[in-house]
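Below, each chain spelled out in residue letters.
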Amino acid sequence: MTGTPSPAAADRATSLHVTKGHGTENDFVLLDDRGDELDLSAPLVRSLTDRHAGVGGDGVIRLVESSRVPEGAAVLAADPSARWFMDYRNADGSIAEMCGNGVRVFAAYLERLGLWDPFGGELAVGTRAGVRWVRRIAAAAGTSSADDEPWYAVDMGPWSLPGGARAVEVGYDAEVAVVGLAEVRPALGVDVGNPHTVLALAGLAELDAADLTRAPAVVPVPPHGTNVELVVPLGEEAGPDGSVVGRVRMRVHERGVGETRSCGTGACAAALAVRAWAGDGAPDVWLVEVPGGTVRVSVLPGGHVELAGPAVLVADADVALAALGA
């Protein structure tokens, strides 16, 4: 059947309206495509995320109604309230399961568009890793965030250590070679809806010396790739309520992207790995310092983990598709 294209479709023939946002400087290009009218091809993603010839970002997040995409069927079967689907693409155009910083930015985007009232209850977000629940909270103590800066807390769902009890017992189930570090290091695999490999370093000097412009070599080679986190445990401190809070510093190399200023699922993986290494009595709450800021990771009952941190929408733009070669 033929007919006159919708105004949105006609506009998109020549330009694309985008929003730029970030969570602890892990930055994204956001697209409102509720009606699933946009062909979000890998070349278009690469053009949009290009930091010199495009908008620039670590990835692209497309807002689409869950009922309009095949992956949304499983989401709606699990939770019919998950009306909105976060279609996330890495900067190289590859499809990713989800993104912890991205889902917070996605929630702020829905709030901006009037599609979610954070004071009316939690938000159910559809992702390829399942439904993620988001709530708006105050900034966490012990971080550099302003008291009036809104934070978003996300139930990241179940997590696991793929190596099982044996990996926890010996402390590792992989080995990682990082350019700039003298020897191959043992590392622990962590699954937070997407794959991570975490290795601990002796101190901040080693963390600074690591060259993450090139992807670390992981053995055994993960079948679907992996994000690699380099962490330095910084000890424990008293929280505002008197509880014990752990603190770690982290850098990350994300598959399909390279080094990023932050990684939400990576922060969860880093905290979970350090907690496993610490053994019985380790804190359930961790502040994870990344180059772009600080996030809070909390181990929840029932085998879930929560990520909390800021989300900022910084700009809106109309991108000329011809300039992108699209």
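My aim in this report is to walk through the structure given alongside it, one point at a time. (Residues numbered from 1 in each chain as written. Predicted model: local features only at pLDDT ≥ 70, side-chain atom pairs only at ≥ 80, totals over all residues. Heavy atoms only, no water.)

Before going further, it helps to examine the overall build of the protein chain. Scanning the protein chain from terminus to terminus reveals 8 helices and 18 strands. Scaling as 2.2 N^0.38, a compact globule of 326 residues should have a C-alpha radius of gyration of about 20 Å, and the protein chain matches this with 20 Å. Projected onto the principal axes, the alpha-carbon positions of the protein chain cover approximately 65 × 40 × 35 Å. By residue count, 51% of the 326 residues in the protein chain fall in the buried class. Once local pairs closer than 6 in sequence are excluded, the contacts in the protein chain between residues at least 24 apart make up 64%. (Helix = DSSP H or I, 4+ residues; strand = E, 2+ residues; numbered from the N terminus. Rg over C-alpha atoms; globule rule 2.2 N^0.38 Å. Buried < 20%, exposed > 50% of the residue type's maximum accessible area, 1.4 Å probe, protein only. Contact = heavy atoms within 4.5 Å.)

Further remarks concern the nonpolar core. In this structure, Met86 and Val288 are the most contacted members of the largest nonpolar core, which totals 53 residues. The biggest single contributor to this core is helix α7 (residues 264-278), with 8 residues. Val176, Leu181, Leu207 and Val228 belong to the second-largest nonpolar core, a separate cluster that totals 14 residues. (Core = buried A, V, L, I, M, F, W, Y, C linked by side-chain atoms within 4.5 Å.)

In the structure shown here, the tally under the stated rule is 27 salt bridges. Of the charged contacts in the structure, one is a salt bridge between Glu71 and Arg128, with a shortest N-O distance of 3.2 Å. Here Glu71, found in helix α3 (residues 70-78), pairs with Arg128, found in the loop between β5 (123-127) and β6 (130-137); they are 57 residues apart in sequence, far enough to count as distant. Classification of Arg128 by relative accessible area gives partly exposed; the value is 23%. With a closest N to O distance of 2.8 Å, Glu206 and Arg185 form a salt bridge. Of the two residues, Glu206 is situated in helix α6 (residues 204-209) and Arg185 in strand β9 (residues 185-191); the sequence distance between them amounts to 21 residues. Looking at Arg185, the relative accessible area reads 9%, which means it is buried. (Salt bridge = Lys/Arg side-chain N within 4 Å of Asp/Glu carboxyl O.)

Attention now goes to the packing of aromatic side chains. Under the defined criterion, the tally for this structure stands at 2 aromatic pairs. An angle of 75° between the planes, with centres 5.9 Å apart, marks the rings of Phe28 and Tyr88 as edge-to-face. One end of the pair, Phe28, is in strand β2 (residues 26-32); the other, Tyr88, is in strand β4 (residues 84-90), and 60 residues separate them in sequence. For Phe28, a relative accessible area of 0% corresponds to the buried category. (Phe/Tyr/Trp six-rings, centres within 6.5 Å; stacked < 30°, edge-to-face > 60°.)

Take the pairing of strand β17 (residues 304-310) next. Extensive coverage of β17 is indicated by the burial of 6 of its 7 residues. Bridge analysis of strand β7 (residues 151-158) against β17 gives 6 bridges, and the strand direction is antiparallel. Considered in β17, the bridge of Tyr152 is made with Gly309. Here strand β16 (residues 293-300) pairs with β17 via 5 bridges, running antiparallel. Residue pairing across strands places Leu300 opposite His304, the latter belonging to β17. (Pairing = 2+ DSSP bridges.)

Take the environment of Val312 next. With respect to the helices and strands, Val312 occurs in strand β18 (residues 312-320). Filtering out sequence-adjacent residues up to four positions away, Val312 remains in contact with Lys20, Gly21, His22 and Glu149.

Relative to the helices and strands, Glu306 resides in strand β17. Of the polar contacts made by the side chain of Glu306, one reaches the side chain of Arg135; its length is 2.8 Å. If near-sequence neighbours (up to four positions away) are discounted, Glu306 is found in contact with Arg135, Ala153, Val154, Asp155, Met156, Arg296, Val297, Ser298 and Leu300. (Polar contact = N/O pair within 3.5 Å; in protein donor to acceptor, adjacent residues only side chain to side chain.)

For α7, spanning 15 residues, the distance from its first C-alpha to its last is 21 Å, which sits close to the expected 21 Å at 1.5 Å a residue. Most of α7 sits out of view: 11 of its 15 residues are buried. Within the sequence span of α7, burial applies to Gly264, Thr265, Gly266, Ala267, Cys268, Ala269, Ala270, Ala271, Leu272, Ala273 and Val274. Backbone geometry just after α7 places Gly279 at a positive phi near 85°. (Expected span 1.5 Å × (residues − 1).)

A separate point is the state of the cysteines. Per the stated rule, a full pass over the model turns up 0 disulfides. Between Cys99, a free cysteine, and Cys263, which holds the nearest cysteine sulfur, the sulfur-to-sulfur gap is 6.3 Å. Given a relative accessible area of 4%, Cys99 falls into the buried group. Assessed through its relative accessible area of 2%, Cys263 is described here as buried. (Disulfide = S-S within 2.5 Å.)

By themselves these figures say nothing about function.
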